[in-house]
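Residue-level listing of the chains:
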Amino acid sequence: MLTRRHLLAALALPFAPRTLWAASTLTMGQIQVDTLSDGNLVLPGDFILGGMPQDEMAQIVASYGLPTDQLTPPCNVTLMRDGTNTVLFDVGAGPDFQPSAGKLADALAAADLSPEDITHVVFTHGHPDHLWGLLDDFDEPVFTNAEYLIGQAEFNYWTDPNTVATIGEARTTFAIGAERRLSAIADALRFVSDGEEILPGIAARLTAGHTPGHMAYELSAGSESAMVVGDALGNHHVAFERPDWASGSDQDKELAAQTRLALLDQITAAQMRLIGFHLPGGGIGRAEKSGSGYRFIEE
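Residues numbered from 1 in each chain as written. Predicted model: local features only at pLDDT ≥ 70, side-chain atom pairs only at ≥ 80, totals over all residues. Heavy atoms only, no water.

J.: Can you help me understand the overall build of the chain in this one?
T.: For the chain, the helix and strand inventory stands at 10 helices and 17 strands. The C-alpha radius of gyration computed for the chain amounts to 18 Å, which stays within 12% of the reference 19 Å derived for 299 residues, consistent with globular compactness. Counting only C-alpha atoms and orienting by the principal axes, one finds that the chain spans roughly 50 × 45 × 40 Å. Scored against the burial criterion, the 299 residues of the chain give a buried share of 54%. A fraction of 66% describes how many contacts in the chain between residues 6 or more apart in sequence connect residues 24 or more apart. Looking at the chain as shown, the accessible area adds up to about 12,600 Å², and 52% of this sits on carbon and sulfur atoms. (Helix = DSSP H or I, 4+ residues; strand = E, 2+ residues; numbered from the N terminus. Rg over C-alpha atoms; globule rule 2.2 N^0.38 Å. Buried < 20%, exposed > 50% of the residue type's maximum accessible area, 1.4 Å probe, protein only. Contact = heavy atoms within 4.5 Å. Areas by Shrake-Rupley, 256 points an atom, 1.4 Å probe, with all protein chains shown as cover.)

Shown next as structure tokens:
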């Protein structure tokens, strides 16, 4: 039987990365990175796969043992601890988005942490599965001791009154929900810019396209580094094998494809790990060139 003692003992081991009940973890110098499960989404396949060359897409997706009519991507919230700061990258979906998601509180408890232990919350972007876990059932902030960090362009987009009218009917609730939550923490927000070292060992990297101000974050310790990619790489199949294809989940499809290509080139050239919100096995792995595209190597 897996007890909390066993879990904590596993978290303390020096080998990395490895899969745990609620997380995968890696260690870089004094930095420990864990991915905590917020559950998974249940999406119609065409939300991501629509608009792609259907025959070729179906062959790629089938090679991963997946259907094309419905996808159930995992949701991995990244936790970084350096001995001083306890940082969450995104906060999951909370109770109001999908019943299969919103499980972050359980994963934090399994790691013997409470929301009050979080010193910083860093947002990649404002979509529901990344942002809506910000508030509890009473519309109060969950992470009461945290400072919140987000890109200025991302904040401006979701709090602009015109966004509700222009984002499209299918995503109107995305805009309404993001504006309400970001407004609730406006006084505790710090805006970050591309290239800025936002905290020791954490640099912001603009990766726009999935949303207008989407940010990835590069974690560094000595000669080691890992990129928290958010939804800039939104799946482990077509996003890697055909990063040039437009994806239905991206708000600016052409820019998002350019971003994927540039990000994969950077990650592979630097031989750095990547940490993906919707990638399998806890989301920690590497990108490797494969034919004319790439593949995700889970670790």
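Next comes the rest of the write-up.
J.: Would you mind showing me how to read helix 3 (residues 54-63) here?
T.: Each α-helix winds once per 3.6 residues, and so residues spaced three or four apart point in a common direction. Within helix 3 the residues assigned to the buried category are Met57, Ile60 and Val61. When helix 3 is viewed along its axis, its buried side chains cluster within an angular range of 95° and face the same direction. In this structure, helix 3 carries Asp55, Gln59 and Ser63 as exposed residues pointing more than 90 degrees from its buried face. Against the buried residues of helix 3 lie helix 2 (46-49) and helix 9 (238-241). Just downstream of helix 3, Gly65 is the residue with a positive phi angle, here 70°. (Arc of directions from axis to C-beta.)

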